[in-house]
Amino acid sequence: MIGVLTMNKERDNMLVESTLKGNINSFEELMTLYQDKLFNFLAKMTYSREDAEEITQEVFIKVYKNLYKYNNKWSFSTWLYRIAINTLRTEYRKVKNLKKIDYYTNVPDLPASLSDYPEIAYEIKEQRGQIMKLIDELKEDQKTALLLRCMQDFSFKEIGDILGISPEAAKMKIQRAKQTICRKYEKLEKGGR
Amino acid sequence: MNCNFDFEDIIKYCENQMSDEEKKRVKDHLDACEKCRRYYGVLKYTESYAKDSSLKSESISKNVMEAIDMNRYSKNKKVWAGKAFYKAMPVIKPILATAAVFAVVIACVANFDNFKRLIESPGSIGANPTASNSSPQNTSAAVIPGSTKPEDLDPVEKRTITLYFANSNADKVIAEKREVEISQDTQIERLVFEELQKGPKSEDLYSAIPEGTRLLSASTANGICTLNLSKEFVDNHPGGSAGELMTLYSIINTMTELSGIDKVQFLIEGQKLEAYIHAVFNEPFGRNQDIIGKSASEIKAEVEARSQAAILAIKEKDMEKLASLVHPEKGVLFSPYSHIEPGKHKVFSKDQLKGLLKSEEVYNWGEYDGSGDPIELTFAQYYDKFVYNHDFANVEKVAYNQIQPYGNTIVNISDVYPDGNFIEYYFPGTEPHDGMDWASLRLVFEEYNGQWYLVCIAHGQWTI
């Protein structure tokens, strides 16, 4: 695992250096390596495909413009997500509050085996939509930490670096996020019956 | 049923961070407890939902590539020079080719690798028909790599030269570095002089060489560079002793940057003149170090380096180190908010600073914003609240002499420290607080005996 990580790091640093020497293909390669995950992460943060696309683009443009400032004491992915988080914070906050989100329709499709049992499928979908809503309603930093941890396999140290907090604080936030989701879900279940 | 099972264990179980034994214990519990089972389900779904990266977008990289300046890192100038060079190739290639052969022969011992590379690179006789057809000398066409990059050709060497131009007050000459390409048959003195004539790149500097001046010849012997200039050098000089000094030392200091040149002798149309305008002119001139001023970018780099040392000392609470950076006469002022009030805020000398963290003494640091209550804290308490209350050493936004448009306090650094330069470390704040937890730390430096010293540590945060 550590081997893979250091390899990634070396690969990324190589691509960064090559980009800085004027090799634009290396930048394209970097983008290919990271864009899907970043896009999906931002899609979950914003609940909007269009916004996520736009922010992902903006992040990569910023990355390119500021690449000469990149300090390889960071891993490239940490740096990338840090920029993403900052972009999200500074440019996105106004829009989001105005939006009404239909979580149910956003639930990823269920396995086909359930299509014969529409009622069960409906219930599962509703539960899942509920959980997504709870994740979305978390405090912003808890939500960010949670998503980073689950989807990106970032270490607590890296999440701390991205959010500008200590690894312990990052771990705490994720723990709290999970607790909050479970507690609130519990409440909903009880209230619903 | 109320279950007291440790929630953390369920999390660990989900993340697969347990020994088999522990896992069994949790699993047994999950089988028995509906509530914990539900937690487990929720956690599992949370994870799989967060992991899901199935959404695809085709347009992102395309749009990014369209938006960015692809030449940003390819040194536009080089690209341009390369193109210009290429256009001129048919004419100058034979010359270069001959020169290349000489260069290779002369340098082949020292430069064997290079030589080998040249020989081995695939010849491309057909690639440039003009060049290969036009000249019978061009037997070495195969030696020249097929590429059109002039950098690959031996006779052209890149060098960074330092030029001096007059500042706007005409009291100092300021260095400006630039990269030039010099071929084997160009005299470096001439090339440098011509670069000087082209004028400075930065807007606040001025060329001091009289218009129409031609360099008739240049030679260097025994450390003295003799520049033979046309009469326009005298006739077209706008006059004034300040301007004269600028003209002379712009040239002299530039020339003496070159190795092997200590002094400059001027000739006008081949003659030694008694005097230029005022200055005695029949002796060679030595370099004048005192007339060299600092460029804005040098100052910035100096202040940045000092500030970097200071912010690390602050982070690490290394008071000895920090004290060494403090202004020897003025000391350092601590301002809890962006509005600096020299009468009200505490100032400590560098010696006082050293032991201050251990001091129990409660000081008055000014007033709390909003309530107007006095800020009465020990130095250590103040430090945690109004100096390093955020990891400023690692923030992303670090600005030089820029006041960011946030907060509603009047930032008066430039009024209080008109000769100062400052670096700002800015933390943008977090979403849950709607960014209202932004914080900044500004370190102000003033020059003293040629070095930059810390005079103020101003903290900034949301004020009501």
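Now for a quick tour of the structure.

What counts, and where the lines are drawn
- Residues numbered from 1 in each chain as written.
- Chains lettered and ligands numbered in written order.
- Predicted model: local features only at pLDDT ≥ 70, side-chain atom pairs only at ≥ 80, totals over all residues.
- Contact = placed C-beta atoms within 7 Å.
- Helix = DSSP H or I, 4+ residues; strand = E, 2+ residues; numbered from the N terminus.
- Nonpolar A, V, L, I, M, F, W, Y, C, P; charged D, E, K, R; others polar.
- Buried ≥ 20, exposed ≤ 12 C-beta atoms within 10 Å, placed from the backbone.
- Axes fitted to C-alpha atoms, helices over the stretch in contact; angles between N-to-C directions.
- Parallel < 35°, antiparallel > 145°, perpendicular 65-115°, else oblique.
- Left-handed = near helix turned anticlockwise from the far one by under 90°.

### Concerning the interface of chain B and chain A
Link 1 in the chain: Of the residues lining the interface, 36 residues belong to chain B; the matching set on chain A comes to 44 residues.
Link 2 in the chain: Listing elements by their share of the side of chain B that touches chain A, those giving two or more residues are α1 (7–14), α3 (34–51) and α4 (59–67) of chain B.
Link 3 in the chain: At nine residues, the largest contribution of residues to the side of chain B that touches chain A is made by α3(B).
Link 4 in the chain: Class assignment of the residues belonging to the side of chain B that touches chain A gives a composition of 19 nonpolar, nine polar and eight charged.

### Structural notes on the environment of B:M18
Residue and element names in this part refer to chain B.
Link 1 in the chain: Looking at the element boundaries, M18 is found in the loop between α1 and α2 (20–32).
Link 2 in the chain: When the 16 C-beta atoms within 10 Å are taken as the criterion, M18 is described as partly exposed.
Link 3 in the chain: Once you skip the residues sitting within four places of it in the chain, M18 turns out to touch K12, Y13, K23 and V26.

### Examining the environment of B:E232
Residue and element names in this part refer to chain B.
Link 1 in the chain: Structurally, E232 is set in helix α9 (residues 232–235).
Link 2 in the chain: The spatial distance from the C-alpha of E232 to the C-alpha of I209 is 9.8 Å, given a sequence separation of 23 residues.
Link 3 in the chain: Here E232 is in contact with P210, G212, T213 and R214, once residues within four sequence places are set aside.

### What about the packing of helix α8 (residues 188–198) of chain B against helix α10 (residues 241–255) of chain B?
Residues and elements named next belong to chain B.
Link 1 in the chain: Between α8 and α10, the shortest axis-to-axis distance is 11 Å and the interhelical angle comes to 140°. Between α8 and α10, the angle is such that the two are oblique. Here α8 runs over α10; the crossing is right-handed. For the pair formed by α8 and α10, the contact residues are E189, V192 and L196 on the first element and S250, I251, T254 and M255 on the second.

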